[in-house]
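Examination of the molecular architecture
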Amino acid sequence: MQKIIRLWNMYYMTFWKGLWGTLWLSALTVFFGTLLGMLIALMRMGKSKILRGFADIYIEILRGTPILLQLYFFWIGLPKIMPFELTDTQCILAALIVNASAYISEIIRAGINAVDKGQWEAARSIGLTETHVMTRIILPQAVKNILPALCNEFISTVKGTSLASVFFVGELMTSYKSVQSATFLALESLTIVGIIYFILNFVLSKLLVLLERRLTISD
Amino acid sequence: MTDEIIRTENLKKNFGKLEVLKGIDLSVMKGEVISIIGPSGGGKSTFLRCLNLLEIPDEGKIFFEGTDIMTKQKNISKYRQKIGMVFQNFNVFPNLTVLDNIILAPILEKKVPKKDAEEEAMALLKRVGLEEKAAEYPRKLSGGQKQRLSIVRALAMHPDVMLFDEPTSALDPEMVKEVLNVIGDLAKSGMTTLVVTHEMAFAREISDRVLFICNGIITEEGNPETIFTCPQNPATIKFLSQVL
């Protein structure tokens with residue numbers, strides 16, 4: 001226990017930096033993952049067979065292969081096809097976003113499908129255009145189905161970013177690696193990182209419960 | 001009552017291998033009140049839903065005021081604005097207040113100024129005794145109130161025709177009357193009305209014409225007195241003996 005405290009006192013800046021890295025990596029992943037996921041979900045539910053096929057394949061590949069493999073793939077592949085320089089962090093971030101988008105698109109699709117079919121029909125029957133049916137009637141109701149699952153996805157994204165440490169992208173797990181190699185106190189630094197992860201996700205899940213309750217009250 | 005508003009010719013609809021509509025020919029006059037009766041699964045609701053293209057017919061034609069509406073499906077939402085529809089399960093919008101349920105479509109699709117839309121919505125709510133509920137969300141309404149709301153939501157678009165798809169089938173018995181009264185008043189005011197219903201007394205009272213739809217075709221039609229007192233078709237006779 002004392003060793004852990006001493007380690008924290010010596011290296012808390014490193015851990016803080018790691019936490020910061022994890023936070024913004026997660027935030028960017030969830031934000032852009034949701035945008036991309038929405039696009040994929042709309043493609044998958046749309047009328048065009050080509051777009052639907054593309055979205056199907058996209059989702060199946062990303063769900064059917066390990067995320068670590070996807071990270072490697074982007075890390076190695078992306079710099080080769082891009083005409084400009086990419087940092088490791090950018091490659092890893094892109095991979096995380098693409099991976100999250102596949103799962104989020106399924107969450108969004110399920111949330112939209114869960115809205116009663118009668119709502120579509122009623123909205124169409126009063127003469128709303130398809131865009132207004134979606135934006136005014138269906139999506140506002142779907143959000144309530146989507147949000148809880150999206151929150152879970154957010155938490156698993158936070159944990160998923162630890163894989164970025166394989167590529168020494170600055171986040172929590174990477175800070176464990178640097179502290180561990182500097183001090184050889186593996187178990188102790190691992191414990192600190194574990195506690196930080198736990199607190200982070202604990203706080204997150206409590207916040208999300210609050211948010212969820214807010215939304216259901218308005219219903 | 002001489003102008004034709006809707007005409008269908010040989011309307012057919014299949015769900016997979018199941019032929020639900022096998023060729024329906026009907027001409028509806030302006031201001032006419034038509035009840036559609038018949039056994040479940042006979043195609044009554046499907047026919048009604050084809051009229052505002054919630055179901056796209058597989059064959060046949062629908063004319064609205066002389067225009068074939070199947071060929072210009074691009075403007076499908078414009079067409080639907082002229083056809084109000086009320087559903088069995090109300091389908092009010094739970095994410096909007098009672099007032100917003102009504103003014104949404106007029107503001108969005110007809111560009112009615114918000115103030116005017118609200119004024120009219122309040123007048124409509126008053127007409128059906130719901131003016132005090134304007135600011136509530138629909139979850140606070142009873143089934144009968146929801147259905148009255150869904151009727152005025154449709155009326156706010158000033159439709160030329162109103163379609164009612166079993167409007168009282170999902171209601172508790174004590175609420176049936178309040179909804180039937182609203183529909184009855186509307187029909188008497190000259191609104192062209194098609195109503196699929198199992199309320200035979202109501203159909204008999206308000207209709208100019210009754211259609212009996214069974215197995216995807218109109219097997220019998222006529223004025224309510226004839227249909228209810230001396231039906232000719234064996235299927236009609238059997239059905240009426242079961243429900244009356």
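Residues numbered from 1 in each chain as written. Chains lettered and ligands numbered in written order. Predicted model: local features only at pLDDT ≥ 70, side-chain atom pairs only at ≥ 80, totals over all residues. Heavy atoms only, no water.

**Thoughts on the overall build of chain A**
What chain A contains, in helices and strands, is eight helices and zero strands. Moving toward the C terminus, one meets the helices and strands of chain A in the order α-α-α-α-α-α-α-α. In chain A, which comprises 219 residues, the share counted as buried stands at 43%. Excluding contacts between residues fewer than 6 apart, the proportion of contacts in chain A whose partners are at least 24 apart in sequence is 71%. Carbon and sulfur atoms make up 70% of the accessible area of chain A, which amounts to about 12,100 Å² in all. Side-chain charges in chain A split into 19 positive and 13 negative, and the spacing between the mean points of these groups amounts to 3 Å. (Helix = DSSP H or I, 4+ residues; strand = E, 2+ residues; numbered from the N terminus. Buried < 20%, exposed > 50% of the residue type's maximum accessible area, 1.4 Å probe, protein only. Contact = heavy atoms within 4.5 Å. Areas by Shrake-Rupley, 256 points an atom, 1.4 Å probe, with all protein chains shown as cover. Lys, Arg positive; Asp, Glu negative; His and termini not counted. Charge placed at Lys NZ, Arg CZ, Asp CG, Glu CD.)

**Examining the environment of Asn145 of chain A**
All names here are of chain A. Here Asn145 is to be found in helix 6 (residues 130-160). Take Asn145: its relative accessible area is 36%, and that puts it in the partly exposed class. A sequence separation of 37 residues divides Asn145 from Ile108, and the C-alpha atoms of the two residues are 8.4 Å apart. Dropping the residues within four chain positions of it, Asn145 is found in contact with Gly111, Ala114 and Val115.

**Observations regarding the pairing of strand 6 (residues 83-86) of chain B**
Strand residues, when the strand is regular, have side chains that alternate between the two faces of the sheet. All names here are of chain B. Covered by surrounding structure in strand 6 are Ile83 and Met85 together with Gly84 and Val86, the residues of both alternating faces. Where strand 6 meets strand 7 (residues 161-165), four bridges bridge the pair, whose relative direction is parallel. Bridge assignment links Ile83 to a residue of strand 7, and that residue is Val161. (Pairing = 2+ DSSP bridges.)

**Considering the interface of chain A and chain B**
Contact with chain A, which involves 20 residues of that partner, is made by 23 residues of chain B. Carbon and sulfur atoms supply 57% of the area buried between chain A and chain B, which totals about 1,900 Å² over both sides. The interface formed by chain A and chain B holds one salt bridge in total. A salt bridge links Arg49 of chain B to Glu121 of chain A, with the nearest nitrogen and oxygen atoms 2.6 Å apart. Where chain A meets chain B, there are eight residue pairs in polar contact (both at pLDDT 80 or more). (Buried area = accessible area lost by both parts, 1.4 Å probe. Salt bridge = Lys/Arg side-chain N within 4 Å of Asp/Glu carboxyl O. Polar contact = N/O pair within 3.5 Å; in protein donor to acceptor, adjacent residues only side chain to side chain.)

**So, the nonpolar core**
Core analysis: the biggest nonpolar cluster contains 55 residues, and Leu128 of chain A together with Ile36, Phe47 and Leu194 of chain B have the highest contact counts within it. Those residues in contact with Leu194 of chain B that lie beyond four places of it in its chain are Leu26, Val28, Ile34, Ile36, Leu48, Leu51, Val161, Met162, Leu163 and Phe164 of chain B. Residues Val92, Leu125, Val128 and Ala187 of chain B belong to the second largest nonpolar core, which totals 37 residues. (Core = buried A, V, L, I, M, F, W, Y, C linked by side-chain atoms within 4.5 Å.)

**A few points about the sheet that holds strand 3 (residues 33-37) of chain B**
Residues and elements named next belong to chain B. Pairing is mixed across the open sheet formed by six strands, whose spatial order is 6-7-8-3-9-10. Looking at strand neighbours, the two that pair on one side only are strand 6 and strand 10 (217-222), the edges of this open sheet. Strand after strand, the sheet turns through a mean of 20° between neighbouring axes, direction not considered. The pairing of strand 9 (residues 209-214) with strand 10 spans five bridges and is classified as antiparallel. The partner of Phe212 across the bridge, within strand 10, is Glu220. Against the sheet, helix 1 (residues 44-51) engages strand 3, strand 6, strand 7, strand 8 (192-196) and strand 9, with an angle of about 150° to strand 7. Helix-sheet contacts for helix 9 (residues 234-243) involve strand 3, strand 9 and strand 10, and the interaxial angle to strand 9 is about 100°. (Axes fitted to C-alpha atoms, helices over the stretch in contact; angles between N-to-C directions.)

**Some words on the packing of aromatic side chains**
According to the stated counting rule, one finds eleven aromatic pairs over all chains in the structure shown. Counting every residue linked through ring pairs, the aromatic cluster contains Trp8, Tyr12, Phe15 and Trp16 of chain A. The ring of Phe168 of chain A is capped by Lys177 of chain A, whose NZ or CZ atom sits 5.0 Å from the centre of that ring. Over the aromatic face of Phe63 of chain B sits the side chain of Arg7 of chain B, whose NZ or CZ is 4.6 Å from the ring centroid. (Phe/Tyr/Trp six-rings, centres within 6.5 Å; stacked < 30°, edge-to-face > 60°. Lys NZ or Arg CZ within 6 Å of the ring centre and 35° of its normal.)

**Section: the packing of helix 5 (residues 117-125) of chain A against helix 6 of chain A**
Residues and elements named next belong to chain A. The interhelical angle for the contact between helix 5 and helix 6, taken along N-to-C directions, is 145°, at an axis separation of 10 Å. For helix 5 against helix 6, the interelement crossing comes out right-handed. Contact with helix 5, carried on its side by Gln119, Trp120, Ala123 and Arg124, involves Glu130, Val133, Met134, Ile137, Ile138 and Gln141 of helix 6 and no other residues of that element. Class assignment for the residues of the contact of helix 5 with helix 6 results in six nonpolar, two polar and two charged. (Left-handed = near helix turned anticlockwise from the far one by under 90°. Nonpolar A, V, L, I, M, F, W, Y, C, P; charged D, E, K, R; others polar.)

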